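Spelled out from the first residue to the last, the chains are:
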Amino acid sequence: MSSTVSVIIPSFNRAHTLARALDSVIAQTHPVLEIIVIDDGSTDQTDELIARDYPQCVCLRQSNRGVSAARNRGISHARGEWLALLDSDDSWMPEKLEQQFAALAASPGLRLCHTDEIWIRNGTRINPMRKHRKQGGQIFAQCLPLCVISPSASLMHRSLFETYGLFDEDLPACEDYDLWLRVCSREAVAFVEQPLVVKYGGHEDQLSRQYWGMDRFRVRALSKLLEARILSAEDRQKTLQVLEQKCRILIQGAEKRGARARADEYREMLDLCQREGPA
């Protein structure tokens, strides 16, 4: 199995955390073919940092278009057979890639591997809730309520994107949830139980803090998946059930804010769910 890997790091005004991410890639026990940083319109010292301290990195600069467009550009530019994503505010343990390639070698044919992770919020380690528990195998049902694969923990064969497409640039958030639904509806995944990614949270520029009602974007992803008509009958019913649950939550939230048009939009979607199958 070829193990050439391109590391793709999108970054927007995160020079203060980017060095930590880059250092964790450089420290990998499995060598990487290339490190690609996509500077998504930063106005801080990102370009100076890379030019001064990380000249071995490829730096692609673009106007601010969001994390999906940045990742997609990196994917299109990458030369490695395997692609590893890393958010610019996260970091890896040194053996992260080595452990993932070992897991993939033990499960021939799998094209996606992820690992467990450590969560740091505002400088303090916290324990993820049970709903965030990671696992491998056929995990489509676990992917429906919320995102259970962190981009920073993923290692993917480049052919996955040829099969399932790139990140949806029309989704300002939950773009990873959307991709994992597409992939995991058809593919099993490998999983390394050891926590090999450190995820840092609590800062103001996290996507989850920039957008209220993240289920809005999950509903769009679920609707897209149903429209694609690629699911088995069983998985389609599971998807409809989750979509109905999320529509009810969004209707309630829209009504509390007096957003009648938005509530009606989700009622129409709820009606479609109920007509197509049981809740």
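Now for a look at the structure at hand.

The rules behind the values
- Residues numbered from 1 in each chain as written.
- Predicted model: local features only at pLDDT ≥ 70, side-chain atom pairs only at ≥ 80, totals over all residues.
- Heavy atoms only, no water.
- Buried < 20%, exposed > 50% of the residue type's maximum accessible area, 1.4 Å probe, protein only.
- Helix = DSSP H or I, 4+ residues; strand = E, 2+ residues; numbered from the N terminus.
- Pairing = 2+ DSSP bridges.
- Right-handed = clockwise from strand over helix to strand, strands pointing away.
- Polar contact = N/O pair within 3.5 Å; in protein donor to acceptor, adjacent residues only side chain to side chain.
- Contact = heavy atoms within 4.5 Å.
- Axes fitted to C-alpha atoms, helices over the stretch in contact; angles between N-to-C directions.
- Parallel < 35°, antiparallel > 145°, perpendicular 65-115°, else oblique.
- Left-handed = near helix turned anticlockwise from the far one by under 90°.
- Nonpolar A, V, L, I, M, F, W, Y, C, P; charged D, E, K, R; others polar.

## What about the pairing of strand 1 (residues 5–11)?
With respect to burial, strand 1 is a largely interior element, seven of its seven residues being buried. The alternating pattern of strand 1 places Val5, Val7, Ile9 and Ser11 on one face and Ser6, Ile8 and Pro10 on the opposite face, and all of these are buried. Relative to strand 4 (residues 82–85), strand 1 runs parallel, the two being bridged by four bridges. Counterpart to Val5 in the pairing with strand 4 is Trp82. Pairing geometry for strand 1 and strand 2 (residues 34–40), over six bridges, is parallel. Looking at strand 2, one finds that Ser11 is bridged to Asp39. With helix 1 (residues 15–26) bridging strand 1 and the parallel strand 2, this β-α-β connection has right-handed handedness.

## Some words on unusual backbone geometry
Here the phi dihedral of Cys174 falls at roughly 65 degrees; this positive angle occurs in a residue that is not glycine. On the secondary structure map, Cys174 appears in the loop between helix 6 (159–164) and helix 7 (175–184). Positioned with a positive phi, Arg229 is a non-glycine residue whose angle comes to about 55 degrees. Mapped onto the elements of the fold, Arg229 is located in the loop between helix 9 (215–228) and helix 10 (233–256).

## Some remarks on the side chain of Gln28
Looking at the element boundaries, Gln28 is found in the loop between helix 1 and strand 2. A residue is classified by how much of its surface remains accessible, and Gln28, at 8% relative accessible area, is buried. Within the local environment of Gln28, its side chain forms a polar contact with the backbone oxygen of Ser24, the two atoms lying 3.0 Å apart. The residues touching Gln28, leaving out its near neighbours within four places in the chain, are Trp92, Met93, Pro94, Glu95, Lys96 and Leu97.

## Quick notes on the environment of Gln245
Residue position: Gln245 is located in helix 10. Residue classification places Gln245 among the partly exposed residues on the basis of a relative accessible area of 48%. Sequence separation between Gln245 and Val219 is 26 residues, and the spatial gap between their C-alpha atoms is 9.9 Å.

## A short note on the packing of helix 9 against helix 10
Running from N to C, helix 9 and helix 10 point in directions that differ by 150 degrees, and their axes come no closer than 10 Å. When the interaxial angle is binned, helix 9 and helix 10 end up roughly antiparallel. Here helix 9 runs over helix 10; the crossing is left-handed. Counted together, Asp215, Arg216, Arg218, Val219, Leu222, Ser223, Leu225 and Leu226 of helix 9 and Arg236, Thr239, Leu240, Val242, Leu243, Lys246, Ile249 and Leu250 of helix 10 form the full contact between these two elements. Taken together, the residues that form the contact of helix 9 with helix 10 break down as nine nonpolar, two polar and five charged.

Keep in mind that these numbers describe shape and distance, not what the molecule does.
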